[in-house]
Amino acid sequence: MRRPPMLPQERQGAKGETMYMVYWTIADAAGSTPHAQAFGTDAMVDAMRFMEDLRRRQREGEGVRFVTMCSEHPDVVGHPGVDVTGPDYNWKKRRR
């Protein structure tokens, strides 16, 4: 079985920071093996091309599964999620 095309272990952006991660799994008779590839802040197009190649291989019948991409900006100021709410914050899942 052909192994996935590998870019350098981490394609860093201009400041040397990672922003995009591509994750995929290779499934074969021996089981499933997860993989990840990091891309820099200026490498979104490279990450998308890499994913398209994985999807092409999946369409051709190779054991490529669960192809996904995540991003996290390296210059984010706060933690992800709501960390500060005002006294009038009253979010509800159900609106009545």
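Residues numbered from 1 in each chain as written. Predicted model: local features only at pLDDT ≥ 70, side-chain atom pairs only at ≥ 80, totals over all residues. Heavy atoms only, no water.

J.: Just to check I follow, could you spell out the overall build of the protein chain for this structure?
T.: The secondary structure content of the protein chain amounts to 1 helix and 4 strands. Scanning the protein chain from its N terminus toward the C terminus, one meets helices and strands in the order β-β-β-α-β. The long-range share in the protein chain, meaning contacts at least 24 apart out of those at least 6 apart in sequence, stands at 60%. Entry remark: accessible area of the protein chain is about 7300 Å², with carbon and sulfur atoms responsible for 53%. (Helix = DSSP H or I, 4+ residues; strand = E, 2+ residues; numbered from the N terminus. Contact = heavy atoms within 4.5 Å. Areas by Shrake-Rupley, 256 points an atom, 1.4 Å probe, with all protein chains shown as cover.)

J.: Looking at this structure, how should I read the environment of D46?
T.: Along the chain, D46 turns up in helix α1 (residues 44-59). For D46, a relative accessible area of 22% translates into the label partly exposed. C-alpha of D46 to C-alpha of Y20: the two residues are 26 residues apart in sequence and 9.9 Å apart in space. (Buried < 20%, exposed > 50% of the residue type's maximum accessible area, 1.4 Å probe, protein only.)

J.: Is there a simple way to think about the nonpolar core in this case?
T.: The nonpolar side chains of soluble globular proteins are, as a tendency, buried together. One finds V22, W24, F39, F50, L54, V64 and V67 to be the most contacted residues of the largest nonpolar core, which totals 13 residues. With 5 residues, strand β2 (residues 18-28) is the single largest residue contributor to this core. (Core = buried A, V, L, I, M, F, W, Y, C linked by side-chain atoms within 4.5 Å.)

J.: Which parts of the structure should I look at to understand the pairing of strand β3 (residues 31-40)?
T.: When a strand is regular, its side chains alternate between the sheet's two faces. Bridge analysis of β2 against β3 gives 10 bridges, and the strand direction is antiparallel. Paired with T18 across the bridge in β3 is G40. Connecting the antiparallel pair β2 and β3 is a turn made up of 2 residues. (Pairing = 2+ DSSP bridges.)

J.: Quick question: what am I supposed to make of the pattern of salt bridges here?
T.: Between side chains of opposite charge, a pair can form as their charged atoms come close. All chains considered together, the criterion is met by 5 salt bridges. The closest approach of N and O atoms between E60 and R56, which form a salt bridge, is 3.1 Å. For E60, a relative accessible area of 52% gives the class exposed. By relative accessible area, R56 is classed as partly exposed at 28%. For R57, the salt bridge is made with E62, and the minimal N-O distance between the two is 2.9 Å. Take R57 and E62: they sit in the same class, and that class is buried. Via salt bridges that share partners, D53, R56 and E60 belong to a single interconnected network. (Salt bridge = Lys/Arg side-chain N within 4 Å of Asp/Glu carboxyl O.)

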